[in-house]
Amino acid sequence: MGNTLSLFRLALNEFLDNLHTFQTLQARIQRSPGLPLPNPSRSFWTYPPSPIATHVSQLPTHADFIVIGSGITGTSVVRRLLDCASADGHDIRVVMLEARDACSGATGRNGGHISPPLYHDYTSLKRDYGRAVAQKMIKLRLAHLEELRSVAEQEGILAESQWREVESVDVFYNSDMFEKAKKKVQTYKADLPFDAEHHEVYEAKEAIEKYRLASDTLGCISSSAGAIHPYQFVTGILAKLLSQYPDHFSLCTNTPCTSISPPTPSNPYYTLSTPRGTITTPHIIHATNGWASTLLEKLRGKIIPFRGNMSAQRPGQSLPLPDSNASSHRSFIFYTRPIGYDYLTQLPAGEHELMLGGGFAQDGDEGYEAFGNTDDTTYSTRIGAHLSGVLPRYFGENNWGREGVPLDGEWAEGRVKALWSGILGISVDSIPWVGRLPRVICGRSEPPLSSVVKSEKEEGERVHVGAAPGEWIAAGYSGEGMVHAWLSGKALAGMVLGREVEEWFPDNMRVTEKRWKKAKAENLLDAWND
């Protein structure tokens, strides 16, 4: 009887602990993310700072389009708006508002991977949306590798952006997880033969020898992917746009949007308030990802802020370094447990730094501490400890060798040069949110069509430039922004301009009232079980 009571007490305590954790989590994800905090942790990517890092254009009183956020999404939107307007002969004004320095949010703090989750997600996407939509989403992710290369080449920043093809290697240490992954690969190859040749499965012995991994590696799955310097890519493009469109584009860093007011009888526009004054516009594009629900309260609990952790580390002296041979460039994802993973890529120059992030499940309460956390001025000490010590474990002490010798005095002298954090935007239904925001979500009435800028055609007829006024968004990439954000922004800019949506854009990523009502935080549990 006493043993039964003890077991009951343990079960009750566990239930109450879980209930408390759930209630705490629910409260946290329903509160406002607030504005990005000043003095964020020092990201390795953002040093040295770009010449336009603190660029502050004069804030005009009015703009035809206002983009909030200066990461990869906002940059994609602005680039297409300006290029299309220029090609069509339209005279428009685009203003980008950024709360901190340019590209100081998630884009300038991520892992630098262009490694789309393919076989990993295909089975669940097919189940939830059907084969055709699932394949369209996979193709969108795959398209980012070539799209980012093409854009970097067009803008003349291919070298500084460090775009490169890599072999992406998924490493497994749990037999059940490896077997499940192999079955997913089989399904993926059968349904998407155009990408099948890029996936190879290696069992333990061959995987350990080929990739010089630790002896407890059970197997690997390799595929084609890419990597990039995200900060130099984005700031390089913004610098080009400022130079190319000086009369049409304003970049206002350290100018947060603190509130949005709807149109009034005396003012037919949205009015955005900032510390530097107010500005009006018929179109607002939200490109703030994890901070989206600061200005869009109805998205709280739909796009959840999540603090991720990153590091830059010197490689051990016995690890092979990437060279001019493309096959020497690799990225790794290490799967050690069912929830969470660590991800790694290596820079092609300098000290050939290993850019390692992850450690989700090492945080408090099995990672729940990261949800709703928008403090990127610091990082999780538990995750930092994990990231700082795990690499020789993944590759094996003998393969790692002696610690790397510092070549400069800018960063810490040990293995770990820098640790920092960044705020992701987790979509509770695992799909990005792209498109016009219904009034029920943004909570504000739209300006009248008459408020949109007009431009003259050759015959002298004046036509409206862009779609009907409103608020728009592209956000909620769930940690996979580098294979969703650029083309999401490109598609969104087309919508804002009133153009037909491209055939390649998956319709299930659109923002709708029905989807908004259906999306709940509990959906994430189902996604993790996949």
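Predicted, not measured: the structure shown is a model, and the values here were computed from it.

Participant: Quick question: what am I supposed to make of the packing of helix α2 (residues 72-88) against helix α13 (residues 485-496) here?
Facilitator: How two helices sit against one another is set out by the angle between their axes and by the gap between those axes. Here α2 crosses α13 at 40°, and the two axes come no closer than 8 Å. Relative to α13, α2 is oriented oblique. The element α2 and its partner α13 pack so that their crossing is right-handed. Contact residues: Ile72, Thr73, Thr75, Ser76, Val77, Arg79, Arg80 and Leu81 in α2; Ala485, Trp486, Gly489, Lys490, Ala491, Leu492, Ala493, Gly494 and Val496 in α13. A per-class count over the contact of α2 with α13 returns 9 nonpolar, 5 polar and 3 charged.

Participant: Which parts of the structure should I look at to understand the pattern of salt bridges?
Facilitator: Proximity of charged atoms lets side chains of opposite charge pair with each other. Using the criterion set out here, one finds 29 salt bridges in the structure. The partner of Lys205 in a salt bridge is Glu209, and the shortest N-O contact between them spans 2.8 Å. You can see Lys205 and its partner Glu209 sitting in helix α8 (residues 204-211), 4 residues apart, about one turn around the helix. Taking the relative accessible area as the measure of exposure, Glu209 reaches 54% and is therefore exposed. Of the charged contacts, one joins Asp216 and Arg393 as a salt bridge, the two residues approaching to 2.2 Å between their closest N and O atoms. Remark: Arg393 occurs in helix α10 (residues 381-395) and Asp216 occurs in the loop between α8 and β6 (219-227); sequence separation between them is 177 residues. A residue is classified by how much of its surface remains accessible, and Asp216, at 30% relative accessible area, is partly exposed. Overall, the relative accessible area of 43% leaves Arg393 in the partly exposed class. A cluster of three or more residues bridged by salt bridges with shared partners is formed by Arg314, Glu351, Glu353 and Lys417.

Participant: Quick question: what am I supposed to make of unusual backbone geometry here?
Facilitator: Phi is mostly negative for residues that are not glycine, and the peptide bonds are mostly trans. For the bond from Tyr47 to Pro48, the omega torsion is 0°, close enough to zero to count as cis. Checked against the element boundaries, Pro48 lands in the loop between α1 (2-29) and β1 (65-68). In the Ramachandran plot, Arg212 falls in the positive-phi region, its phi being about 55° despite a non-glycine side chain. Inspection of the secondary structure puts Arg212 in the loop between α8 and β6. With a phi close to 50°, Asn254 is a non-glycine residue in the positive phi region. Secondary-structure assignment places Asn254 in the loop between β7 (249-252) and β8 (259-261). When its relative accessible area of 38% is taken as the criterion, Asn254 is described as partly exposed.

Participant: Looking at this model, I keep getting lost on the confidence of the model for the protein chain. Mind explaining?
Facilitator: Detail in the predicted coordinates should be disregarded across regions flagged by low pLDDT. Looking at the protein chain, pLDDT values average 91 and 91% of them are 70 or higher. Taken together, the stretch residues 1-16 has pLDDT below 50 and engages in 0 contacts with residues farther than four places along the chain or on a different chain.

Participant: Would you mind going over the side chain of Glu98 with me for this structure?
Facilitator: With respect to the helices and strands, the residue Glu98 is situated in the loop between β2 (94-97) and β3 (113-114). At 5.2 Å, Arg100 is the nearest oppositely charged side chain to Glu98, a buried residue that forms no salt bridge. With sequence-adjacent residues up to four places away left out, Glu98 is seen in contact with Gly69, Ser70, Ser104, Cys252, Thr253, Asn254, Thr255 and Pro256.

Participant: I tried to follow the pairing of strand β16 (residues 416-427) on my own but got confused; where do I start?
Facilitator: Consecutive side chains along a regular strand alternate between the two faces of the sheet. Of all 12 residues that make up β16, 11 are buried, and the element is covered over most of its length. Strand direction decides the pairing type here: strand β12 (residues 303-313) and β16, joined by 11 bridges, are antiparallel. Across the sheet, the residue bridging to Met310 is Trp420, located in β16.

Participant: Looking at this model, I keep getting lost on the packing of aromatic side chains. Mind explaining?
Facilitator: In total, this model carries 16 aromatic pairs according to the counting rule given. Taking 6.0 Å as the distance between ring centres and 90° as the angle between the ring planes, the aromatic pair formed by Tyr47 and Trp411 counts as edge-to-face. Taken together, the residues Tyr47 in the loop between α1 and β1 and Trp411 in the loop between α11 (397-400) and β16 connect sequence positions 364 residues apart. For Tyr47, a relative accessible area of 38% gives the class partly exposed. Here the guanidinium or amino end of Arg42 rests over the ring plane of Tyr47, the centre of that ring lying 4.0 Å away. Taking the ring centre of Trp411 as reference, the NZ or CZ of Arg42 above it sits at 4.1 Å.

Participant: Looking at this model, I keep getting lost on the sheet that holds β1. Mind explaining?
Facilitator: Here we have 6 strands laid out as an open sheet, ordered β7-β2-β1-β11-β20-β17, and mixed in their pairing. Both edges of this open sheet fall to β7 and β17 (433-436), since each of them pairs with a single strand only. Direction aside, the axes of adjacent strands within the sheet are offset by 15° on average. Judged from the 4 bridges that link them, β2 and β7 form a sheet pairing that is parallel. Of the residues in β7, the one forming a bridge with Val94 is Phe249. Sheet strands in contact with α2 are β1, β2, β7, β11 (283-286) and β20 (470-475), and its direction is about 170° off that of β2.

What counts and how
- Residues numbered from 1 in each chain as written.
- Predicted model: local features only at pLDDT ≥ 70, side-chain atom pairs only at ≥ 80, totals over all residues.
- Heavy atoms only, no water.
- Axes fitted to C-alpha atoms, helices over the stretch in contact; angles between N-to-C directions.
- Helix = DSSP H or I, 4+ residues; strand = E, 2+ residues; numbered from the N terminus.
- Parallel < 35°, antiparallel > 145°, perpendicular 65-115°, else oblique.
- Left-handed = near helix turned anticlockwise from the far one by under 90°.
- Contact = heavy atoms within 4.5 Å.
- Nonpolar A, V, L, I, M, F, W, Y, C, P; charged D, E, K, R; others polar.
- Salt bridge = Lys/Arg side-chain N within 4 Å of Asp/Glu carboxyl O.
- Buried < 20%, exposed > 50% of the residue type's maximum accessible area, 1.4 Å probe, protein only.
- pLDDT = per-residue confidence, 0-100.
- Lys, Arg positive; Asp, Glu negative; His and termini not counted.
- Pairing = 2+ DSSP bridges.
- Phe/Tyr/Trp six-rings, centres within 6.5 Å; stacked < 30°, edge-to-face > 60°.
- Lys NZ or Arg CZ within 6 Å of the ring centre and 35° of its normal.

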